[in-house]
Amino acid sequence: MNRFFALFMAYQTINKIFQRNETDLSSAEAHGLATGMLCIENNMEASSWLAQLLEDDISVLDEDKTTLITLFEQTRKLLSGEDDGFRYDLFLPGDDEPLTNQLEAVRSWCEGFLFGIGHTRSDAAWPGDTGEIIKDIVEFTKLDSDIDEDMDQEEIDELEGALIEIQEYFRVAVMMIRDQFMEETNTQAH
């Protein structure tokens, strides 16, 4: 279970909502989208996020909608630093999931994140190091998530270690992007 959302809600619970509504979304992609949108505009309404997630003709149960909005608002809270910005983390399946599923979830998170920032901010003038970080995230979406069946345990351990480092890089990158956009917004306000 993702360490910060584990007590709050399960990754699989969100996936089941998408499965019930016959969408191709995953919890990771939905969280990436929310994160991207909130990095650019912290005052973003949950309804805007839901509109991007679900097609107009999908009727989501009130209980499921509440669960999704809770994920969005918890993401906002963690990104805003109300609970210490270092608590923010990517919403991904647990370490007990097959490595292929974990890699695919990180890639889906990246795709959602890129869509979220692109949807919220259409111009290409990114503040600070944001442009370089976005290029890194784009490159990760191109990686193959299939694991070679012939890998020995040492290679699997190396890949697991690399995945942890990648997740940490993205976590820190999100906070940097958020800070750079907040600084840009504050500068424009003055």
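The structure this text deals with has already been given above.
Residues numbered from 1 in each chain as written. Predicted model: local features only at pLDDT ≥ 70, side-chain atom pairs only at ≥ 80, totals over all residues. Heavy atoms only, no water.

*Asks:* Help me out: how do you make sense of the side chain of Thr130 in this one?
*Replies:* With respect to the helices and strands, Thr130 occurs in helix H6 (residues 130–141). Among the polar contacts listed, one links the side chain of Thr130 to the side chain of Gln180, at a separation of 2.6 Å. Setting aside residues no more than four positions away along its own chain, Thr130 makes contact with Ile177, Gln180 and Phe181. (Helix = DSSP H or I, 4+ residues; strand = E, 2+ residues; numbered from the N terminus. Polar contact = N/O pair within 3.5 Å; in protein donor to acceptor, adjacent residues only side chain to side chain. Contact = heavy atoms within 4.5 Å.)

*Asks:* What should I look at first to understand the packing of aromatic side chains in this one?
*Replies:* For any two aromatic rings, the description comes down to two numbers: the centre-to-centre distance and the angle of the planes. This structure, assessed with the given rule, holds six aromatic pairs. Seen in terms of ring centroids, Trp109 and Phe170 are 6.2 Å apart; in terms of plane orientation they differ by 20°. Their pairing is stacked. Linking Trp109 in helix H5 (residues 99–120) with Phe170 in helix H7 (residues 153–189), this pair joins segments that are 61 residues apart in sequence. Neither residue differs from the other here; Trp109 and Phe170 are each classed as buried. Aromatic side chains Phe140 and Phe170 sit 5.5 Å apart centroid to centroid with 85° between the ring planes, which places their arrangement in the edge-to-face category. Of the two residues, Phe140 sits in helix H6 while Phe170 sits in helix H7, which places them 30 residues apart along the sequence. Since its relative accessible area comes to 2%, Phe170 is described here as buried. Site record: aromatic cluster; members linked through ring pairs are Trp109, Phe113, Phe140, Tyr169 and Phe170. (Phe/Tyr/Trp six-rings, centres within 6.5 Å; stacked < 30°, edge-to-face > 60°. Buried < 20%, exposed > 50% of the residue type's maximum accessible area, 1.4 Å probe, protein only.)

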